[in-house]
Amino acid sequence: MKNILCIVAFFAVSNAFSQEAYSKTMKLMGSRFDISVVANSKEKGEAFISIAQEEITRIEKLISSWDENSQTALINNQAGIKPVQVDAELFQLIERALKISKLTSGAFDISYASMDKIWKFDGSMTTMPSEEIIKQSVDKVGYQNILLDHKEQTVFLKRKGMKIGFGAIGKGYAADKAKVLLQSKGVHSGIINASGDLNAWGKQPNNKDWMVAIVNPLNKDKVFSWLPVHNQSVVTSGNYEKYVTLNGELYSHIIDPRTGYPSKGILSVSIFTKSAELADALATSVFVMGVEVGLDFINQLKDVECIIVDGDNTIITSNHIELKQNKHD
Ligand code: ADP
Ligand code: MG
């Protein structure tokens, strides 16, 4: 679960046309997914949920850098050696990721991934890496060295040892794709919730908007505020889930690609926008940029809003978000 938790409320589950919300929780892409759809029978609801599940599994196979048979792993294996031809879908995802890197001046960078040899968030890391090693690792990071050839549809990582990974954008992308697929099958309302990264469309069976709770990162039982989500995504990046404590200090799993050090100063960032992929990437970006730069950046983007919880657990919102209860309890 994220430190700002997005709890989805089912206030009422059925209406006059016996439309009901059906939900299922499953583990996909190494994370908890809660898939909810509104349908007029249990059979249909379950069938729709299976369709979404298959779609997310398909995407995982394509983009996982852990799965050595994925096209992403192939790109990484051929770093510094040769370009690799990939599916249009993966090519375009990388192309969009590069656009976000440019937009964020490199705060977001899928080539952060070579640093996972140094920063490990699975409990195996016990000592602080040396400055020298961190410096060296930054040499292998840099979106400018991800070369795309449109004609050949190839991806080439220029430097040996370079690696890409979709940890900061993949769940959002999968949520978008699952939603679009379900919509194409006639599902006009639902939520794909990937551990708090969610994409909601349509309304609840009682015709009310879906609601998300913004929860106090330091006490998940306390709700800061409830917000309606109407055909929108809400994605949160936080430092409470995955982190390592070294010499009494907490290091988050979001790394500044420009320094090689984990980001500091923010407890969590929630982004509100149409696409979950964009929201996912921007949440990670703001985390790296820090409160001031991040907030200013989001305020310049159209139809994108954010809620930042800073290191002191104070809530800061972008220009067009109003929280009913702006003080934390
Ligand atoms: P979560 O995984 O909790 O949803 P994010 O969407 O912010 O959080 O993704 C964090 C993950 O993204 C990290 O675990 C890592 O795999 C990857 N990552 C870390 N730093 C960066 C970065 N600066 N740019 C792109 N990806 C990153
Ligand atoms: Mg992200």
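Cut-off values and rules
- Residues numbered from 1 in each chain as written.
- Chains lettered and ligands numbered in written order.
- Predicted model: local features only at pLDDT ≥ 70, side-chain atom pairs only at ≥ 80, totals over all residues.
- Heavy atoms only, no water.
- Donors = N, O, S within 2.8 Å, 3.2 Å for Na, K, Ca; no water.
- Helix = DSSP H or I, 4+ residues; strand = E, 2+ residues; numbered from the N terminus.
- Pairing = 2+ DSSP bridges.
- Axes fitted to C-alpha atoms, helices over the stretch in contact; angles between N-to-C directions.
- Contact = heavy atoms within 4.5 Å.
- Buried < 20%, exposed > 50% of the residue type's maximum accessible area, 1.4 Å probe, protein only.
- Expected span 1.5 Å × (residues − 1).
- Near = heavy atom within 4 Å.
- Polar contact = N/O pair within 3.5 Å; in protein donor to acceptor, adjacent residues only side chain to side chain.
- Phe/Tyr/Trp six-rings, centres within 6.5 Å; stacked < 30°, edge-to-face > 60°.
- Lys NZ or Arg CZ within 6 Å of the ring centre and 35° of its normal.
- Lys, Arg positive; Asp, Glu negative; His and termini not counted.
- Salt bridge = Lys/Arg side-chain N within 4 Å of Asp/Glu carboxyl O.
- Core = buried A, V, L, I, M, F, W, Y, C linked by side-chain atoms within 4.5 Å.

A few points about the coordination of the magnesium ion (ligand 2)
- Taken together, the protein donors to the magnesium ion (ligand 2) comprise Ala168 (O), Asp280 (O), Asp280 (OD) and Thr284 (OG1), at separations of 2.1 to 2.5 Å.
- Each donor residue of the magnesium ion (ligand 2) lies on the same chain, and together they follow the pattern A-x111-D-x3-T. Of the two residues, Asp280 and Thr284 are both situated in helix α6 (residues 276–289); the distance of four residues between them amounts to about one turn of the helix.

Some details on the sheet that holds strand β11 (residues 232–238)
- The eight strands are arranged β2-β3-β7-β8-β11-β14-β15-β16 in an open sheet whose pairing can be described as antiparallel. Each of the sheet's edge strands pairs with one partner strand only, and the pair in question is β2 (20–28) and β16 (315–317). Pairwise comparison of adjacent strand axes, ignoring direction, gives a mean angle of 10° for this sheet.
- For strand β14 (residues 266–273) and strand β15 (residues 305–310), the ladder comprises six bridges, and the chain directions are antiparallel. When the bridges of β15 are listed, Ser268 appears paired with Val309.
- Taken strand by strand, helix α1 (residues 42–63) contacts β2, β3 (31–39) and β7 (190–194), and its axis lies near 30° from that of β2.

Re the pairing of strand β9 (residues 210–215)
- For β9, a buried count of six out of six residues is recorded, marking the element as mostly surrounded by other parts of the structure.
- Neither face of β9 is left uncovered, since the one carrying Trp210, Val212 and Ile214 and the one carrying Met211, Ala213 and Val215 both have all their residues buried.
- Here β9 runs beside strand β10 (residues 223–229); their pairing, made up of six bridges, is antiparallel. The partner of Val215 across the bridge, within β10, is Val223.

Notes on helix α5 (residues 170–184)
- Here α5 spans 21 Å end to end across 15 residues, near enough to the 21 Å set by a 1.5 Å rise per residue.
- Residues of α5 that are buried include every one of Gly170, Lys171, Gly172, Tyr173, Ala174, Ala175, Asp176, Ala178, Lys179 and Leu182, and no others.
- One or two residues past the end of α5 sits Gly186, with phi positive at roughly 95°.

Quick notes on the site of ligand 1
- Around ligand 1 sit 18 residues in total, of which Tyr112, Ser237, Ile255, Asp280 and Thr284 are the nearest.
- At 3.2 Å from an oxygen atom of ligand 1 is found a main-chain nitrogen or oxygen belonging to Ala168.
- One of the side-chain N or O atoms of Thr284 is found 2.7 Å from an oxygen atom in ligand 1.
- By residue number, the principal contributor to the shell around ligand 1 is α6, which donates three residues.

Observations regarding the packing of aromatic side chains
- Considering all chains together, one arrives at two aromatic pairs under this definition.
- Lying across the ring of Tyr251, Lys264 places its NZ or CZ 5.1 Å from the centre.

Side note on the side chain of Lys171
- Here Lys171 shows up in helix α5.
- As a buried residue without a salt bridge, Lys171 has its nearest oppositely charged side chain in Asp197, at a separation of 4.2 Å.
- Beyond its immediate stretch of four places on either side in the chain, Lys171 contacts Met29, Ser31, Phe33, Ala194, Asp197 and Asp280.

Here's the deal with the nonpolar core
- Of all hydrophobic cores here, the largest spans 68 residues; its most connected members are Ile56, Ile75, Ile94, Ile146, Phe166, Ile192 and Ile271.
- For this core, the leading source of residues is α6, giving nine residues.
- If sequence neighbours within four positions are ignored, Ile94 has contacts with Ile75, Ile110, Ile146, Leu148, Val155, Ile164 and Phe166.
- The next biggest cluster of nonpolar side chains, apart from the first, holds 19 residues, and it includes Ala200, Trp210, Ile214 and Phe224.

Some thoughts on the sheet that holds strand β5 (residues 146–149)
- Strand order in the open sheet formed by three strands is β4-β6-β5, with antiparallel pairing between adjacent strands. Since the sheet does not close on itself, it has two edges, and those belong to β4 (84–85) and β5, each with one partner.
- Relative to strand β6 (residues 154–157), β4 runs antiparallel, the two being bridged by two bridges. Bridged to Gln85 within β6 is Thr154.
- Its contacts with the sheet put helix α3 (residues 88–103) on β5 and β6, and the angle it makes with β5 is roughly 130°.

So, the pattern of salt bridges
- Under the defined criterion, the tally for this structure stands at nine salt bridges.
- Where Arg96 meets Glu277, a salt bridge forms, and the shortest distance between an N and an O atom there is 2.7 Å. Of this pair, Arg96 sits in helix α3 while Glu277 sits in helix α6, and the two are 181 residues apart along the sequence.
- Owing to a relative accessible area of 30%, Arg96 belongs among the partly exposed residues under this scheme.
- Note on Glu277: relative accessible area 8%, which makes it buried.

Looking at the environment of Gln85
- If you trace the backbone, Gln85 turns up in strand β4.
- Here Gln85 falls in the exposed class, since its relative accessible area comes to 55%.
- Residues Gln85 and Leu74 lie eleven residues apart in sequence; the distance between their C-alpha atoms is 9.3 Å.
- Residue contacts for Gln85: discarding those within four places in its chain leaves Glu152, Gln153 and Thr154.

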